[in-house]
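# Breakdown of the fold
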Amino acid sequence: MKPLSYITETFTESVIREMTRICDAAGGENLSQGFPDFDTPEDIKQAAIDAIRTGHNQYPVTFGEPELREAISKKVARYNGIVCNPVTDITVTCGATEAMIASLKAIINPGDEVIVFEPFYENYGPDAILSGASPRYVTLTPPDWKFDSDELTAAFNSKTKAIIINTPNNPTGKVFTSEELELIASLCLKWDAYAITDEIYEHIIYDGVKHISLATLPGMANRTITINGLTKTYSVTGWRVGWAIAAKEITQRIRKVHDFLTVGSPTPLQHAGVYALNLPQSYYQQLAERYYQAREFLFDVLVNTGFKPYKPKGSYYIIADAAALFDRLGAIDDTDFSRKLIERTLVATVPGSSFYSISEKGRYQVRFAFCKKMETLQKVAERFSKL
Ligand SMILES: Cc1ncc(COP(=O)(O)O)c(C=O)c1O
């Protein structure tokens, strides 16, 4: 038989989603994958039911229902300070996941490089490879996950087509500061590179930090693709509604890719998204407050168990150094540790190596997702107390 595609040999299946399968089979507490174990707010669910009942059940406008694009443009003007035209600058996609790959496919040519910060959200490496680019990694270093400005400056070159930024960040919880974003912007301008920013955790921020959209920095509006979605903000990870905002010329290309990849994101859920995007400010405050409580609780549990966790400023993940617990579990590396942790405690986590281009860099790290009910986190505390 002729060989299957070479490109798909160069990356593995998602480790996070594999951990979820192992966890479900063991009947454990899933702190591996970033989805809530509590239900979506009633009024948001009702908006979806109403949309189905009122007949929004056929193909949507391929690049997004006009009402949703209108609601997105108003919300980003309000919250992010991004000015965009809903008619020409927004593509609604099947989650932020599709927005990222469609954006890369829209801009990449053979030989292009894409800069990715590591540890990274595990989709970015395969996304870059599938779109034909070579990823170039720049390290974020704990405890505050800063990058070295010389390393970033050296990563840019004439082949750099784009840089991917995820702020607030998964898995580190880093929220990029204005100084960091200014440096990134100046390098994009110097090397004529695009920026793709994944801002899916923009409302999940703590300790008074501010979320800044790179697209609002001088000179960046026309070269930034801003990605977001309903997914995390409204606790609807299964709905698959995301979007990419970009200048008209870039959007035209993203829309073409999107059309042939998926045709469209579910119509009724786009209409429910209009309701969600118009929720009052108090909704977002309550969301951040809920995750703040969960962060504080899990952080203390991890410290008391013997982990060395790094407190996130945003998103709903905690990376922890697990080296001090390796002997107790007889673990040799992060993957072995994660498997043994499920066996011993029925708590699932993600091995750190899945967030790095070189596994060794994540050898002692694991990631916990705390977008869970307090009861779930209390169960985790109980189980860890027996370790
Ligand atoms: C940084 C980041 N981007 C995108 C996604 C996926 O978004 P969606 O479910 O809207 O495709 C996730 C999910 O965990 C994520 O952490």
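For the structure, see preceding data.
One structure accompanies this document, and this report is about it.

The rules behind each value
- Residues numbered from 1 in each chain as written.
- Predicted model: local features only at pLDDT ≥ 70, side-chain atom pairs only at ≥ 80, totals over all residues.
- Heavy atoms only, no water.
- Helix = DSSP H or I, 4+ residues; strand = E, 2+ residues; numbered from the N terminus.
- Rg over C-alpha atoms; globule rule 2.2 N^0.38 Å.
- Buried < 20%, exposed > 50% of the residue type's maximum accessible area, 1.4 Å probe, protein only.
- Near = heavy atom within 4 Å.
- Polar contact = N/O pair within 3.5 Å; in protein donor to acceptor, adjacent residues only side chain to side chain.
- Areas by Shrake-Rupley, 256 points an atom, 1.4 Å probe, with all protein chains shown as cover.
- 1 Å grid on protein atoms, 1.4 Å probe; cavity = no way out; pocket = protein on both sides within 12 Å on 5 of 7 lines; lining within 4 Å.
- Sits in = over half its atoms within 2 Å of the grid points.
- Nonpolar A, V, L, I, M, F, W, Y, C, P; charged D, E, K, R; others polar.
- Pairing = 2+ DSSP bridges.
- Disulfide = S-S within 2.5 Å.
- Contact = heavy atoms within 4.5 Å.
- Axes fitted to C-alpha atoms, helices over the stretch in contact; angles between N-to-C directions.

## Points about the overall build of the protein chain
- Within the protein chain, the regular secondary structure consists of 13 helices and 14 strands.
- Relative to its length of 387 residues, the protein chain is compact, with a C-alpha radius of gyration of 20 Å against a globular reference of 21 Å.
- Reported as C-alpha extents along the three principal axes, the dimensions of the protein chain are approximately 55 × 55 × 50 Å.
- Sorting the 387 residues of the protein chain into buried and exposed places 57% on the buried side.

## Digging into the site of the ligand
- Neighbouring the ligand are 14 residues; Thr97, Asp198, Tyr201, Thr231 and Arg240 lie closest to it.
- With respect to the ligand, the side chain of Asp198 contributes an N or O atom lying 2.6 Å from a nitrogen atom.
- Within the contact set of the ligand, an oxygen atom lies 2.8 Å away from a side-chain nitrogen or oxygen of Lys232.
- With the chains in place, 92% of the 400 Å² that the ligand exposes on its own is no longer accessible.
- More than half of the atoms belonging to the ligand lie within 2 Å of the grid points that define the largest pocket.
- Considering every element that reaches the shell around the ligand, the biggest residue donor is helix α4 (residues 95–107), with 3 residues.
- Tallied by class, the residues present in the shell around the ligand amount to 6 nonpolar, 5 polar and 3 charged.

## Points about unusual backbone geometry
- The residue after Glu118, namely Pro119, is reached through a cis peptide bond having omega 5°.
- Tracing the backbone through its elements, the reader meets Pro119 in the loop between β3 (113–118) and α5 (124–130).
- Across the junction of Asn170 and Pro171, the peptide omega takes the value 15°, indicating a cis bond.
- Structurally, Pro171 can be placed in the loop between β6 (160–166) and α7 (178–191).
- For Arg240, which is not a glycine, the phi torsion comes out positive at approximately 65°.
- If you trace the backbone, Arg240 turns up in the loop between β8 (224–229) and β9 (242–245).
- Judged by relative accessible area, which is 31%, Arg240 ranks as partly exposed.

## Digging into the sheet that holds strand β11 (residues 317–321)
- Overall, antiparallel pairing links the 4 strands, which are arranged β10-β11-β14-β13 in an open sheet. Looking along the sheet, the strands with just one partner apiece sit at the ends: β10 (308–310) and β13 (350–351).
- Sheet analysis places β13 next to strand β14 (residues 365–369), joined by 2 bridges and oriented antiparallel. The residue of β14 that forms the bridge with Pro351 is Val366.

## Details of helix α9 (residues 267–277)
- With 10 of its 11 residues buried, α9 lies for the most part within the structure.
- Buried within α9 we find Thr267, Pro268, Leu269, Gln270, His271, Ala272, Gly273, Val274, Ala276 and Leu277.

## Some points on the state of the cysteines
- Following the criterion strictly, the structure yields 0 disulfides and no others.
- Summary of cysteine pairing: Cys188 is not part of a disulfide, and the nearest cysteine sulfur, belonging to Cys84, is at 19 Å.
- Taking relative accessible area as the criterion, Cys188 reaches 0% and is therefore assigned buried.
- With no disulfide of its own, Cys371 has Cys23 as its nearest cysteine by sulfur position, at a separation of 12 Å.

## So, the pairing of strand β2 (residues 90–93)
- Alternating positions in β2 separate into two faces, Ile90 and Val92 on one and Thr91 and Thr93 on the other, with burial throughout.
- Relative to β9, β2 runs antiparallel, the two sharing 4 bridges. Its bridge partner being in β9, Thr91 is matched across the sheet by Ala244.

## What to know about the pairing of β8
- Where burial is concerned, most of β8 is hidden: 6 out of the 6 residues are buried.
- Of the strand pairs in this sheet, strand β7 (residues 194–198) and β8 are connected by 4 bridges, and their pairing is parallel. Directly across from Ile196, in β8, lies its bridge partner Ile225.
- Summarising the sheet, β8 and β9 pair through 4 bridges and their orientation is antiparallel. Its bridge partner being in β9, Ile227 is matched across the sheet by Ala244.

## What to know about the sheet that holds β6
- Read across the sheet, 8 strands follow the order β2-β9-β8-β7-β6-β3-β4-β5 without closing on themselves; strand pairing throughout is mixed. Two strands bound the open sheet, and with one partner strand each, they are β2 and β5 (146–147).
- Pairing geometry for β6 and β7, over 5 bridges, is parallel. Along β7, the bridge assignment pairs Ala162 with Tyr194.
- Along the sheet, α4 makes contact with β2, β3, β6, β7, β8 and β9, crossing β8 at roughly 160°.

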